[in-house]
Amino acid sequence: MEAILGIIIAALLSQNFILVKFYGICPFMGVSKKIDTALGMGMAVTFVMALASAACWVVNEFLLVPLNLGYMQTVAFILVIASIVQVVEMFLKKAVPALYKALGVFLPLITTNCAVLGVVLVNVQEGYNFLISVINGAAGGLGFTLAIVLFASIRARVDKANPPECFQGFPIALITAGLLALAFMGFSGLSIF
Amino acid sequence: MFEIVIAIAILGGLGLIFGLVLSAASKVFYVETDPRLDQLNECLPGANCGGCGYAGCGGYAEAVLKGEAEIGKCNSGGNECAQAMAAIMGIKAEAVTRKVALVRCSGEKTYDKDGNLLTGARVKANYEGFMDCLSATKVGGRGPLSCKYGCLGFGSCTKACKYGAIKVVNGIAKVDEDLCVGCMACAQVCPRGLIVAVEPGRNVVIACNSMAKGAVTTRGCTVGCIGCGLCKRICPNGAITVTNNLAVIDYSKCDNCGLCATVCPKKLIKDSNVENLPDPAVIHSRNNPDAKVK
């Protein structure tokens, strides 16, 4: 139980996928102009990360490890993630059209989010069991959501400010992201056990 | 050798299984879409300007398909687009004319070499806050201009325009009619409601929004409408009315003759032909050979 709590804290804060490990920067910069789309993207990524953690653990444990195919992990996991995103997309289109529309183009783009592949590879490297893998995936996704929503709300404020012309737009956003990452470095000493 | 075969078999097998699952899922989760939706989408310009009131071209196409929206709301696509959409939906659409934005302010500020105001709105105070028109109107005295109705020139409309069609020149916003798609995003952000939609290429426009009394307008700006009504009296079509000390053209009656521009004492009615056609009678007879000047 304590180990689980430790993993959740690490995935949320001290080992945050975006701001400490620098995975998934592409959607972090691209989908953070508005808070509500950032939240939608975060929730979708959380769902896919948890599901991918489960599926990839099964593939790794019952196919790759017994057959000594560990070196094919990356390729196999990408295959799994891409398929999961496709199925999730089809399912949402049929079952929850409103959410499908709200997420729009971000949904297929989750395939190329390296935070998803990252969490799966971390699960394997750390030798987590099935339950811990799924928890790590979900908590990592929530950490992603936390970071992107924080960043989107700061950007909403920065948009209203009046930075020098050469800093307007992405330059000031990148500096903001850097400062946010610096702030998250403050969690690096955080461990409860 | 054997290892390679196993790797290929496992990954190929995985790919095959996922492929089968996906194709099965696409059957299970198949959502029927109306083929007309794609056709409607193809008619629309795809600029996603939002001028129709929907989130983008896709949203508008869907609303048209459901019968929620009328055809012809797309300013950017114009008549061609409306007719094509009407053909797909099997209904008749009225002719749609293209509209572009017009800033109803002439207070372009020009100064002589000593810094004295020659033409335009007078600046009564320096504003140093957020460089945004709405913020500027919230400070005491309703902004830095003496005119309470004129263009502030902080460029909120410029920021709202996705097409670079509106720029601030000499302190007021100007629309480039060739670039404007008529989405009117600028009109929504203008705190003074200066921007209206007009047909492009209109010769005669009243470019002022001042509803103050004549004396107040004159103190605030050299080119403000004082509501004198000269234009109203000379207009042969009764297209101009003066309400709240401001002349307004009803374009359904206006025939672009340009008479009003010749009599405006403040020279704020713009007519691109006025310099070439000096005699009001000539101008009028050009447009209405049978009518007499009132």
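None of the values given here were measured: they were computed from a predicted structure. (Residues numbered from 1 in each chain as written. Chains lettered and ligands numbered in written order. Predicted model: local features only at pLDDT ≥ 70, side-chain atom pairs only at ≥ 80, totals over all residues. Heavy atoms only, no water.)

### Points about the overall build of chain B
Consideration 1: Looking only at helices and strands, one finds eleven helices and ten strands in chain B.
Consideration 2: Looking at chain B as a whole, 39% of its 294 residues qualify as buried.
Consideration 3: Restricting to contacts in chain B with at least 6 residues of sequence separation, those with at least 24 account for 55%.
Consideration 4: Total accessible area on chain B stands at roughly 16000 Å², and carbon and sulfur atoms take up 55% of it. (Helix = DSSP H or I, 4+ residues; strand = E, 2+ residues; numbered from the N terminus. Buried < 20%, exposed > 50% of the residue type's maximum accessible area, 1.4 Å probe, protein only. Contact = heavy atoms within 4.5 Å. Areas by Shrake-Rupley, 256 points an atom, 1.4 Å probe, with all protein chains shown as cover.)

### A look at the confidence of the model for chain A
Consideration 1: The predicted model of chain A averages 88 in pLDDT, with 98% of residues at 70 or higher.
Consideration 2: Taken element by element, chain A is modelled with least confidence in helix α5 (residues 97-103) of chain A, mean pLDDT 75, and with most confidence in helix α8 (residues 130-160) of chain A, mean pLDDT 93. (pLDDT = per-residue confidence, 0-100.)

### What to know about the packing of helix α4 (residues 73-95) of chain A against helix α7 (residues 114-126) of chain A
Residues and elements named next belong to chain A.
Consideration 1: Taken N-terminus to C-terminus, the directions of α4 and α7 make an angle of 130°; their axes are 10 Å apart at the nearest point. Taken together, the axes of α4 and α7 lie oblique to each other. For the element pair α4 and α7, the recorded crossing hand is right-handed. Contacts between α4 and α7 involve Gln73, Thr74, Phe77, Ile78 and Ile81 on the former and, on the latter, Val116, Leu117, Val120, Leu121 and Val124.
Consideration 2: Taken together, the residues of the contact of α4 with α7 sort by class into eight nonpolar, two polar and no charged. (Axes fitted to C-alpha atoms, helices over the stretch in contact; angles between N-to-C directions. Parallel < 35°, antiparallel > 145°, perpendicular 65-115°, else oblique. Left-handed = near helix turned anticlockwise from the far one by under 90°. Nonpolar A, V, L, I, M, F, W, Y, C, P; charged D, E, K, R; others polar.)

### Re the environment of Ala55 of chain A
All names here are of chain A.
Consideration 1: Note on placement: Ala55 falls in helix α3 (residues 35-64).
Consideration 2: As for Ala55 and Phe77, which are separated by 22 residues in sequence, their C-alpha atoms are 8.9 Å apart.
Consideration 3: Beyond its immediate sequence surroundings of up to four residues, Ala55 is in contact with Val80 and Ile84.

### Overview of unusual backbone geometry
Residue and element names in this part refer to chain B.
Consideration 1: Positive phi, close to 65°, is recorded for Met184, a residue that is not glycine.
Consideration 2: Within the fold, Met184 resides in the loop between β5 (172-175) and α7 (185-189).
Consideration 3: Under the relative-accessibility criterion, Met184 is labelled buried at 14%.
Consideration 4: At Asn244, a position not held by glycine, the phi torsion is positive, near 50°.
Consideration 5: Structurally, Asn244 is set in the loop between β8 (240-243) and β9 (246-249).

### Let's talk about the interface of chain B and chain A
It is common to report an interface's size as the accessible area lost on association of the parts.
Consideration 1: Taken residue by residue, the interface counts 18 residues in chain B and 21 residues in chain A.
Consideration 2: With both chains or domains summed, chain B and chain A bury close to 1700 Å², and 83% of this area falls on carbon and sulfur atoms.
Consideration 3: Taken together, the connections running from chain B to chain A amount to one residue pair in polar contact (both at pLDDT 80 or more).
Consideration 4: Considering each element in turn, the side of chain B that touches chain A owes the most residues, twelve residues, to helix α1 (residues 2-28) of chain B.
Consideration 5: Residue composition of the side of chain B that touches chain A, by class: 14 nonpolar, two polar and two charged. (Buried area = accessible area lost by both parts, 1.4 Å probe. Polar contact = N/O pair within 3.5 Å; in protein donor to acceptor, adjacent residues only side chain to side chain.)

### Side note on the pairing of β8 of chain B
Sheet faces and side chains relate simply in a regular strand, where the side chains alternate between the two faces.
All names here are of chain B.
Consideration 1: Sheet topology places β8 next to β9; four bridges connect them, and they run antiparallel. When the bridges of β9 are listed, Thr243 appears paired with Leu246.
Consideration 2: Hairpin remark: β8 followed by β9, antiparallel, with two residues in the connecting loop; positive phi at Asn244, about 50°. (Pairing = 2+ DSSP bridges.)

### Observations regarding α7 of chain A
Residue and element names in this part refer to chain A.
Consideration 1: Given a rise of 1.5 Å per residue, 13 residues ought to cover 18 Å, and the 18 Å separating the end C-alpha atoms of α7 matches this to within 8%.
Consideration 2: Here α7 has its buried residues at Ala115, Val116, Leu117, Gly118, Val119, Val120, Leu121, Val122 and Asn123.
Consideration 3: Those residues of α7 that are buried lie in contact with α3, α4 and α8.
Consideration 4: The backbone nitrogen of Ala115 lies 3.0 Å from a side-chain oxygen of the residue at the head of α7, namely Asn113.
Consideration 5: Positive phi appears at Gly127, one or two residues downstream of α7, with a value of about 65°. (Expected span 1.5 Å × (residues − 1).)

### A word on the packing of helix α2 (residues 35-43) of chain B against helix α4 (residues 78-89) of chain B
All names here are of chain B.
Consideration 1: At a minimum axis distance of 9 Å, the contact between α2 and α4 shows a crossing angle of 170°. Classified by the angle their axes make, α2 and α4 are roughly antiparallel. Contacts between α2 and α4 involve Arg36, Gln39, Leu40 and Cys43 on the former and, on the latter, Cys81, Ala84, Met85, Ile88 and Met89.
Consideration 2: For the contact of α2 with α4, the per-class residue count stands at seven nonpolar, one polar and one charged.

### Regarding the nonpolar core
Consideration 1: Core analysis: the biggest nonpolar cluster contains 53 residues, and Leu19, Phe28 and Ile110 of chain A have the highest contact counts within it.
Consideration 2: Every element with two or more residues in this core is listed here: α2 (25-30), α3, α4, α6 (106-109), α7, α8 and α9 (170-185) of chain A together with α1 of chain B.
Consideration 3: With ten residues, α3 of chain A is the largest single contributor of residues to this core.
Consideration 4: Setting aside chain neighbours within four positions, we find Ile110 of chain A in contact with Met41, Ala44, Val45, Val48, Val85 and Val116 of chain A. (Core = buried A, V, L, I, M, F, W, Y, C linked by side-chain atoms within 4.5 Å.)

### A look at the packing of aromatic side chains
All names here are of chain A.
Consideration 1: The tally for this structure, following the rule as stated, stands at eight aromatic pairs over all chains.
Consideration 2: The interplanar angle of 20° and the centroid separation of 4.4 Å between the aromatic rings of Phe28 and Phe151 together place this pair among those described as stacked. With Phe28 in helix α2 and Phe151 in helix α8, the pair connects residues that are 123 residues apart, well separated along the chain.
Consideration 3: When its relative accessible area of 1% is taken as the criterion, Phe28 is described as buried. (Phe/Tyr/Trp six-rings, centres within 6.5 Å; stacked < 30°, edge-to-face > 60°.)

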